[in-house]
Protein chains: 2
Amino acid sequence: MRMGRKSSESMNGANRSYLAQKLTKGGARLTAQRKMLVEIIQNSTGHLDAASLLRLAKRRDSRIHRATVYRTLELLKRLRLIDELDLMHLEGEKHFYEPRTRSEHFHLACFRCGKILEHNTPTFERLKKEISEQTGFKIEVIRLEAGGQCEECRAQADSSQSDASRAAR
Amino acid sequence: MRMGRKSSESMNGANRSYLAQKLTKGGARLTAQRKMLVEIIQNSTGHLDAASLLRLAKRRDSRIHRATVYRTLELLKRLRLIDELDLMHLEGEKHFYEPRTRSEHFHLACFRCGKILEHNTPTFERLKKEISEQTGFKIEVIRLEAGGQCEECRAQADSSQSDASRAAR
DNA sequence: CGTTAAATGCGAATGGGTCGCAAAAGCTCC
DNA sequence: GGAGCTTTTGCGACCCATTCGCATTTAACG
């Protein structure tokens with residue numbers, strides 16, 4: 001393919017075979033673009049949207065195309081290597097992505113300051129189990145998101161006007 | 001305004017004052033369009049998207065505009081009269097809406113047959129409480145959605161090919 | 001009723017995401 | 001390690017849900 005890259009970069013042997021295994025199982029090919037995109041996602045700290053991912057990828061190889069990013073995200077989603085988030089549409093309709101390698105958690109989006117908190121409790125695990133048991137539904141993907149006010153913003157809000165008068169209009 | 005309507009329709013006095021109260025609290029005006037849209041949403045059984053809502057509204061008054069529907073949905077969301085759902089993007093990126101009058105529940109979207117199940121358990125309530133207690137976050141909106149396979153589709157899937165080979169590519 | 005700020009209709013614009021196609025690159029098998 | 005077949009990529013046009021700016025209309029309050 002078009003990318004003259006040294007295949008070292010920041011991927012070690014172990015990671016590579018893991019990815020290769022995941023990607024090639026079933027017919028998906030391990031292309032330079034896919035390797036690069038997965039690397040970027042794995043190494044990123046925050047929550048990436050498609051446009052940011054494209055921007056970062058273009059820094060390594062400017063020839064990569066938007067469509068490839070979207071197609072790769074779709075693939076990784078199907079393979080369960082990443083999760084797709086909406087983050088309560090705090091920043092419009094775009095989606096965010098995070099690797100599934102980290103431990104499970106859900107997201108709390110502060111409507112005031114825009115901060116995204118990650119959290120988890122054993123009750124979430126229990127809830128998932130109950131859902132399956134009670135409904136017979138096999139959960140493949142689950143997304144829990146809340147919007148509201150973080151602790152800091154709450155403190156500020158208390159000394160300001162009421163929510164109701166701000167909400168209407 | 002442009003709509004020559006008898007203000008009776010299917011809204012009774014109690015509902016009307018409830019809406020009037022909710023809408024006018026803080027400056028929002030009780031227009032004929034808003035009353036109509038809220039009525040349609042309240043009386044609808046399934047999950048409405050903006051386009052369906054517009055279609056239904058046009059049946060009552062063809063002059064209502066798309067933008068009004070979107071603006072009203074935005075308003076109702078802010079006033080907490082409706083919840084916005086993504087339903088795991090089973091049908092593209094559009095949003096669905098449901099009145100908050102029904103009791104709380106979350107949604108399970110079957111990737112196979114497209115069915116949307118509604119469910120709830122006391123553990124969900126407990127989870128919300130724990131989130132607030134543990135993080136200090138004040139939850140204003142919460143959305144729990146799962147995607148996977150419903151009981152019926154699971155039975156069928158068992159006698160068919162494996163998930164993995166279907167997912168890759 | 002008259003006034004005035006808010007809401008509507010309109011159509012153009014935006015923005016995230018998708019598609020069809022020809023060229024290019026992985027994979028497989030020898 | 002190259003031929004040959006299949007998947008993937010780049011590309012740009014396209015799609016679809018949603019938003020915007022502005023002139024006109026209307027609800028709400030006096």
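Conventions we followed
- Residues numbered from 1 in each chain as written.
- Chains lettered and ligands numbered in written order.
- Predicted model: local features only at pLDDT ≥ 70, side-chain atom pairs only at ≥ 80, totals over all residues.
- Heavy atoms only, no water.
- Helix = DSSP H or I, 4+ residues; strand = E, 2+ residues; numbered from the N terminus.
- Buried < 20%, exposed > 50% of the residue type's maximum accessible area, 1.4 Å probe, protein only.
- Polar contact = N/O pair within 3.5 Å; in protein donor to acceptor, adjacent residues only side chain to side chain.
- Contact = heavy atoms within 4.5 Å.
- Pairing = 2+ DSSP bridges.
- Core = buried A, V, L, I, M, F, W, Y, C linked by side-chain atoms within 4.5 Å.

Draft legend 1. Inspection of the side chain of His95(A) at higher detail. Within the secondary structure layout, His95(A) lies in the loop between β2 (82-85) and β3 (96-99). With relative accessibility at 11%, the residue His95(A) sits in the buried group. At 3.3 Å, the side chain of His95(A) and the side chain of Glu84(A) are in polar contact. With sequence-adjacent residues up to four places away left out, His95(A) is seen in contact with Leu48(A), Asp49(A), Ala50(A), Glu84(A), Leu85(A), Asp86(A), His89(B) and Glu93(B).

Draft legend 2. View of the environment of Thr123(A). Its location among the elements puts Thr123(A) in helix α5 (residues 122-135). On the basis of relative accessibility, which here comes to 3%, the residue Thr123(A) falls in the buried class.

Draft legend 3. Highlighting the pairing of strand β2 (residues 82-85) of chain B. Residue and element names in this part refer to chain B. Residues Ile82 and Glu84 point to one face of β2 and Asp83 and Leu85 to the other, with burial holding for every one of them. As paired strands, β2 and strand β3 (residues 96-99) are joined by four bridges and run antiparallel to one another. Looking across to β3, one finds that leucine 85 is bridged to phenylalanine 96.

Draft legend 4. Geometry of the nonpolar core. Core analysis: the biggest nonpolar cluster contains 24 residues, and Leu144(A) and Leu144(B) have the highest contact counts within it. Broken down by secondary-structure element, the contributors of at least two residues to this core are β4 (106-110), α5 and β6 (138-149) of chain A together with β4 (106-110), α5 (122-135) and β6 (138-149) of chain B. Among all residues touching Leu144(B), those that are not within four sequence positions of it are Phe124(A), Leu127(A), Ile131(A), Ile142(A), Arg143(A), Leu144(A), Phe106(B), His107(B) and Phe124(B).

Draft legend 5. Examining the environment of Glu140(B) more closely. All names here are of chain B. By the element assignment, glutamate 140 lies in strand β6. The buried category is assigned to glutamate 140, whose relative accessible area is 14%. Along the primary structure glutamate 140 and arginine 80 are separated by 60 residues, whereas in three dimensions their C-alpha atoms are 8.8 Å apart.

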